[in-house]
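# Descriptive analysis of the structure
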Amino acid sequence: MRLMCGYKEVEPIDPGRRQFELYARGKAVDTTYEGLYEYPADAISPSCGGVTLEIFSEKNPSVPFSRSIEPATIARVWADLEPYRVAQASK
């Protein structure tokens, strides 16, 4: 996965993924991964000019599924994390 702030990729604090088995009728039929990424509190910002998530599949890793984040969602995330950013700045 990649998080894009405008045209710049935001590096995750903790990029992670884990492998797990998919089962059908009690038998493992496939293996896949799930991801968990942590980003800085200012990674999603109205100053980005646009935020995009790019998600890559194991089956076709060269072509991402891209999803632009709505400006209202960006503004909400920014506002929700304001207390955290203020607390971190005062340390």
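Rules used in this analysis
- Residues numbered from 1 in each chain as written.
- Predicted model: local features only at pLDDT ≥ 70, side-chain atom pairs only at ≥ 80, totals over all residues.
- Heavy atoms only, no water.
- Pairing = 2+ DSSP bridges.
- Helix = DSSP H or I, 4+ residues; strand = E, 2+ residues; numbered from the N terminus.
- Axes fitted to C-alpha atoms, helices over the stretch in contact; angles between N-to-C directions.
- Buried < 20%, exposed > 50% of the residue type's maximum accessible area, 1.4 Å probe, protein only.

### A word on the sheet that holds strand S2 (residues 8-10)
- Sheet architecture is open: four strands sit in the order S2-S1-S5-S6, paired in antiparallel fashion. Each of the sheet's edge strands pairs with one partner strand only, and the pair in question is S2 and strand S6 (65-69). Recorded for the sheet is a direction-independent mean angle of 30° between the axes of neighbouring strands.
- Here strand S1 (residues 2-5) runs beside strand S5 (residues 51-55); their pairing, made up of four bridges, is antiparallel. Bridge assignment links Leu-3 to a residue of S5, and that residue is Leu-53.

### Regarding unusual backbone geometry
- One non-glycine residue with positive phi stands out, namely Arg-25, at about 55°.
- Relative to the helices and strands, Arg-25 resides in the loop between strand S3 (14-24) and strand S4 (27-38).
- Using a relative accessible area of 90% as the deciding quantity, one classes Arg-25 as exposed.

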